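# Notes for the structure review
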Amino acid sequence: MVNMRVAVVGGGAAGFFAAINVKEKFPEANVVIFEKSSSVLSKLKISGGGRCNITNAAKSINELSKAYPRGEKTLKKMFQRFSNVDAMDWFQKRGLPLTIQQDNCVFPVSQNSQSVIDCFLNVCEKLNITIKLNSRIRSLQMKNDKFLLGFQDGNLNSQEFDFVIITTGGSPKPEGLEWLKKLGHEISPPVPSLFSLSIKDKPLNKLMGVVVEDVVLKIQSEKLSSNGALLITHWGISGPATLKLSSFAARFMNEKNYAFKLQVNWVGGRNDELITQELRDISQNHQAKIMANYRPFNLPTVL
Ligand SMILES: Cc1cc2nc3c(=O)[nH]c(=O)nc-3n(C[C@H](O)[C@H](O)[C@H](O)COP(=O)(O)OP(=O)(O)OC[C@H]3O[C@@H](n4cnc5c(N)ncnc54)[C@H](O)[C@@H]3O)c2cc1C
């Protein structure tokens with residue numbers, strides 16, 4: 001299509017990635033990114049504690065998709081078309097050197113999310129992609145095979161495009177997705193995910209700061225569980241196992257109004273047999289040892 005006009009709505013990681021791919025494949029296209037706020041890539045900036053965890057160097061797509069609580073099957077299909085390895089290649093070919101940590105997390109060599117932002121902005125500049133800030137899209141309509149993007153309520157001030165890519169990220173409130181619903185999309189109600197849990201248990205709260213390295217967290221009578229490190233805080237629990245559970249069980253927790261019974265297996269995924277075996281080994285071979293120093297099952301010492 002000659003002089004194809006493509007609008008990308010949302011200047012986050014997805015928007016930049018989409019805009020760059022379109023422009024690289026269709027150099028003649030006129031590609032514009034519309035961002036509602038006064039700066040682009042602001043979430044990317046704070047991602048990964050300011051370092052931006054680009055992807056995971058997992059060896060198989062199976063392993064990678066299992067890390068996602070919902071949509072594992074859909075993701076598997078997507079990863080077959082563009083995998084974690086493709087993502088790493090994509091950035092490295094565009095001038096962003098990456099490093100793989102021992103835990104397989106992939107970060108920019110600079111250990112600074114700004115390098116990822118610079119990479120996106122540099123490529124956009126080279127490719128002549130237009131970035132429009134303070135441009136909130138409020139409506140989208142079809143008219144004579146063209147898309148009309150509306151910038152104000154009432155669709156005043158609209159612009160015509162041949163294709164529109166919507167990359168507006170999540171919305172904490174369903175109202176934020178109303179304009180997409182009007183296009184006929186089905187919207188699942190958004191619920192919080194990736195949060196710590198508040199537990200009103202005075203004895204537990206007194207242990208704040210204690211980290212147990214390998215627990216299994218389970219919602220009682222449900223099939224929802226997670227594993228990993230758990231941090232006891234002054235308000236409840238946090239750390240990877242808690243964040244993971246809040247993500248796997250996001251909808252369940254919301255339905256229960258965040259009141260449910262939680263089981264913590266402080267010795268991780270070990271079964272009775274393994275636990276008995278280790279305790280027997282301690283009683284037979286380490287009788288003189290003080291338990292607090294021996295720390296069976298890697299349990300922390302609480303002072
Ligand atoms: C604290 C934190 C740490 C994270 N760490 C990591 C990490 O290390 N690695 C990782 O992969 N992910 C991480 N994530 C998740 C990651 O940041 C997001 O998945 C990612 O930023 C989503 O990108 P996006 O482009 O889909 O959406 P967003 O980054 O949310 O971008 C959407 C953009 O669209 C704009 N927009 C919305 N509505 C409109 C509209 N109507 N018109 C115009 N513009 C609009 C928004 O202002 C925004 O700029 C982290 C998230 C958080 C909060």
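As the structure is a prediction and not an experimental result, all values here were calculated from the model. (Residues numbered from 1 in each chain as written. Predicted model: local features only at pLDDT ≥ 70, side-chain atom pairs only at ≥ 80, totals over all residues.)

Ranked by size, the top nonpolar core spans 29 residues in total, and within it Ala 7, Val 8, Phe 16 and Ala 19 carry the most contacts. For this core, the secondary-structure elements that each account for two or more residues are strand 1 (5-9), helix 1 (13-25), strand 2 (30-34), strand 5 (105-108) and helix 6 (113-127). Summarising the domain contributions, this core has at least three residues from each of domain 1 (1-41 + 112-190) and domain 2 (53-107). Excluding residues that lie within four positions of it along the chain, Phe 16 makes contacts with Gly 11, Ile 33, Leu 41, Phe 120 and Cys 124. In terms of nonpolar packing, the next biggest core, distinct from the first, is built from 11 residues, Val 212, Leu 217, Ile 237 and Leu 245 among them. (Core = buried A, V, L, I, M, F, W, Y, C linked by C-beta atoms within 7 Å. Buried ≥ 20, exposed ≤ 12 C-beta atoms within 10 Å, placed from the backbone. Helix = DSSP H or I, 4+ residues; strand = E, 2+ residues; numbered from the N terminus. Domains from an automatic or database assignment. Contact = placed C-beta atoms within 7 Å.)

By nearness alone, 23 residues border the ligand, and Gly 10, Gly 12, Gly 48, Asn 53 and Gly 169 come closest of all. If you list the elements that add at least two residues to the shell around the ligand, you get helix 1 and helix 2 (42-50). In terms of residues, the shell around the ligand owes the most to one element, helix 2, which gives 5 residues. Of the residues belonging to the shell around the ligand, the class tally is 8 nonpolar, 11 polar and 4 charged. (Near = placed C-beta within 6 Å. Nonpolar A, V, L, I, M, F, W, Y, C, P; charged D, E, K, R; others polar.)

Take the sheet that holds strand 11 (residues 197-198) next. By way of backbone hydrogen bonds, the strands of a sheet pair with one another, either parallel or antiparallel. Pairing within the open sheet is antiparallel, and its 5 strands lie in the order 11-14-13-12-15. Edge positions in the sheet fall to strand 11 and strand 15 (262-265), since each of these pairs with one other strand and no more. With 2 bridges joining them, strand 13 (residues 225-232) and strand 14 (residues 236-238) adopt antiparallel strand pairing. Residue pairing in the sheet places Ile 232 in a bridge with Ile 237 of strand 14. Its contacts with the sheet place helix 9 (residues 240-248) against strand 11, strand 12 (211-219), strand 13 and strand 14, and it is angled at close to 135 degrees to strand 13. (Pairing = 2+ DSSP bridges. Axes fitted to C-alpha atoms, helices over the stretch in contact; angles between N-to-C directions.)

Attention now goes to the domain arrangement of the chain. Taken as a whole, the chain is organised into domain 1 (1-41 + 112-190), domain 2 (53-107) and domain 3 (197-298). Here the C-alpha centre of domain 3 lies 43 Å away from the C-alpha centre of domain 1.

As judged from the 6 bridges shared by strand 12 and strand 13, these two strands associate in the antiparallel manner. For Leu 217, the partnering residue across the bridge sits in strand 13 and is Ser 226. Linking strand 12 to strand 13, which pair antiparallel, is a turn of 5 residues; within it Ser 221 sits at a positive phi near 65 degrees. As consecutive antiparallel partners, strand 13 and strand 14 are separated by 3 residues.

This part covers the sheet that holds strand 5. As summarised here, the arrangement of the 3 strands in space is 3-5-4, forming an open sheet in which the pairing is antiparallel. The open sheet has two edge strands, strand 3 (55-56) and strand 4 (98-100), and neither has a second partner. Pairing of strand 3 with strand 5, which is carried by 2 bridges, proceeds in the antiparallel orientation. Looking at strand 5, one finds that Thr 55 is bridged to Val 106.

Time to look at the pairing of strand 5. In this sheet, strand 5 lies alongside strand 4 in antiparallel orientation, the contact comprising 3 bridges. Bridge assignment links Thr 99 to a residue of strand 5, and that residue is Phe 107. Count of turn residues in the strand 4/strand 5 antiparallel hairpin: 4 residues, of which Asn 104 carries a positive phi of about 80 degrees.

As a further point, take the packing of helix 2 against helix 6. Direction vectors running N to C along helix 2 and helix 6 enclose 150 degrees, while the axes themselves pass 8 Å from each other. When the axis of helix 2 is compared with that of helix 6, the two are roughly antiparallel. Taken as a pair, helix 2 and helix 6 cross one another with a handedness that is right-handed. For the pair helix 2 and helix 6, the contacting residues are Leu 44, Lys 45, Ser 47, Gly 48 and Gly 50 in the first and Ser 113, Val 116 and Ile 117 in the second. Here the residues of the contact of helix 2 with helix 6 sort into 3 nonpolar, 4 polar and 1 charged. (Parallel < 35°, antiparallel > 145°, perpendicular 65-115°, else oblique. Left-handed = near helix turned anticlockwise from the far one by under 90°.)

Our next topic: unusual backbone geometry. Even without a glycine there, the phi angle at Leu 41 is positive, about 55 degrees. Here Leu 41 lies in the loop between strand 2 and helix 2. The phi dihedral of Phe 297 falls on the positive side, at around 55 degrees, and the residue is not glycine. With respect to the element layout, Phe 297 can be found in the segment after helix 12 (291-294).

Now for the environment of Met 253. Mapped onto the secondary structure, Met 253 falls in helix 10 (residues 250-255). Placed 25 residues apart in sequence, Met 253 and Glu 278 show a C-alpha to C-alpha distance of 35 Å. Look past the residues within four positions of Met 253 in its chain and what remains in contact with it is Ser 246, Tyr 258 and Phe 260.

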